[in-house]
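Understanding the architecture of this molecule
Chain residues, written in single-letter form:
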Amino acid sequence: MFRKILIVSAITSSAFISPISIAVADTVDSGLYLTAGKGKGFENSVHGSINGTEFSTTAQITDANEIGIGYESANNWRFEAKYTKANSDVDSVTVDGTNYDIHMNGSGYGVQFAVAYDLENDSKFIPYLGGSTKISWSDDVDGISTSYGVDIGISAPFFDYLEFWGAISLSILPDQTNKDVSYDGTISSGLLTGLRIRL
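Residues numbered from 1 in each chain as written. Predicted model: local features only at pLDDT ≥ 70, side-chain atom pairs only at ≥ 80, totals over all residues. Heavy atoms only, no water.

Side note on the overall build of the chain
A tally of helices and strands in the chain yields one helix and 11 strands. Reading the chain from its N terminus to its C terminus gives the helix and strand order α-β-β-β-β-β-β-β-β-β-β-β. Residues counted as buried form 49% of the 199 residues belonging to the chain. (Helix = DSSP H or I, 4+ residues; strand = E, 2+ residues; numbered from the N terminus. Buried < 20%, exposed > 50% of the residue type's maximum accessible area, 1.4 Å probe, protein only.)

Pasting the structure below:
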């Protein structure tokens, strides 16, 4: 049971990984680009049940990574598809009212589709707003989970082909059931930074 709780925590916590690298200087044309990012999540709680046995746990993303491809349109919109992986640590688990002081870690994977809008201004630093949907899974648990993200970020170009970005990301995970595992909806958050390379 502890292993399933760990993997559920990894999947639900990793849902926050949804920033979209956005916004470049006016001199940059539209087109395809590669994006990569790395970050860390804030601690969050996960509640649910396994075969009718209730549990709650505290988990945190310790290492989040993503890589993908995107397209920048000429009217400030961006679109991305990315593959993500997040490592999660679990510090404690409560099962049917009994608390267990344990330390485990696991990984969650995902495919994310995102869209964002560049808020152009006269500064080199350009903010953006984004939204996304993501499908997450783990090798040790059957089924998938779906989450929705909201991103607030800023980016700045260093060269015509290279841009750095940072974002605060919130992920909304609705109530879900994957076979014998059910968990309540939760909101997780994290900080990420990365770069974008124009093709």
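A look at the nonpolar core
One finds Val46, Ile50, Phe55, Ala59, Val90, Val93, Val95, Ile102, Leu173, Val181 and Tyr183 forming the largest nonpolar core, which totals 11 residues. Elements that contribute at least two residues to this core include exactly β2 (44-50), β3 (53-72), β4 (77-95) and β10 (181-183). When residues in this core are grouped by element, the largest group, three residues, is from β4. (Core = buried A, V, L, I, M, F, W, Y, C linked by side-chain atoms within 4.5 Å.)

Notes on the pattern of salt bridges
The full count for this structure, using the stated rule, is six salt bridges. Residues Lys82 and Glu66 are paired through a salt bridge, measuring 3.1 Å at the closest nitrogen-oxygen approach. Taken together, the positions of Lys82 in strand β4 and Glu66 in strand β3 put the pair 16 residues apart, joining distant regions of the chain. Residues Lys82 and Glu66 agree in their burial class; the two are buried. (Salt bridge = Lys/Arg side-chain N within 4 Å of Asp/Glu carboxyl O.)

Details of the confidence of the model for the chain
A residue-level look at the chain finds 83% of positions with pLDDT of 70 or above and a mean pLDDT of 83. Scored below 50 in pLDDT, residues 18-27 makes 58 contacts in the model with residues more than four places away or belonging to other chains. (pLDDT = per-residue confidence, 0-100. Contact = heavy atoms within 4.5 Å.)

Remarks on the pairing of β2
In terms of burial, β2 is largely enclosed, as five of its seven residues are buried. Where β2 folds back on β3, the antiparallel hairpin that results is connected by two residues, among which Asn51 adopts a positive phi of roughly 55°. Both β2 and β10 contribute to a ladder of three bridges, which runs antiparallel. Within the sheet, the bridge partner assigned to Ile50 lies in β10 and is Val181. (Pairing = 2+ DSSP bridges.)

Structural notes on unusual backbone geometry
In this structure, Asn51 takes a positive phi of about 55° despite not being glycine. Structurally, the position occupied by Asn51 is in the loop between β2 and β3. Located in the positive-phi region is Asn76, a residue other than glycine, with phi close to 80°. Relative to the helices and strands, Asn76 is located in the loop between β3 and β4.

Considering the packing of aromatic side chains
Taken as a whole and assessed by the stated rule, the structure comprises four aromatic pairs. Seen in terms of ring centroids, Phe159 and Tyr161 are 5.7 Å apart; in terms of plane orientation they differ by 10°. Their pairing is stacked. Under the relative-accessibility criterion, Phe159 is labelled partly exposed at 48%. Across the ring face of Phe158, the terminal group of Lys124 is positioned such that the distance to the ring centre comes to 5.0 Å. (Phe/Tyr/Trp six-rings, centres within 6.5 Å; stacked < 30°, edge-to-face > 60°. Lys NZ or Arg CZ within 6 Å of the ring centre and 35° of its normal.)

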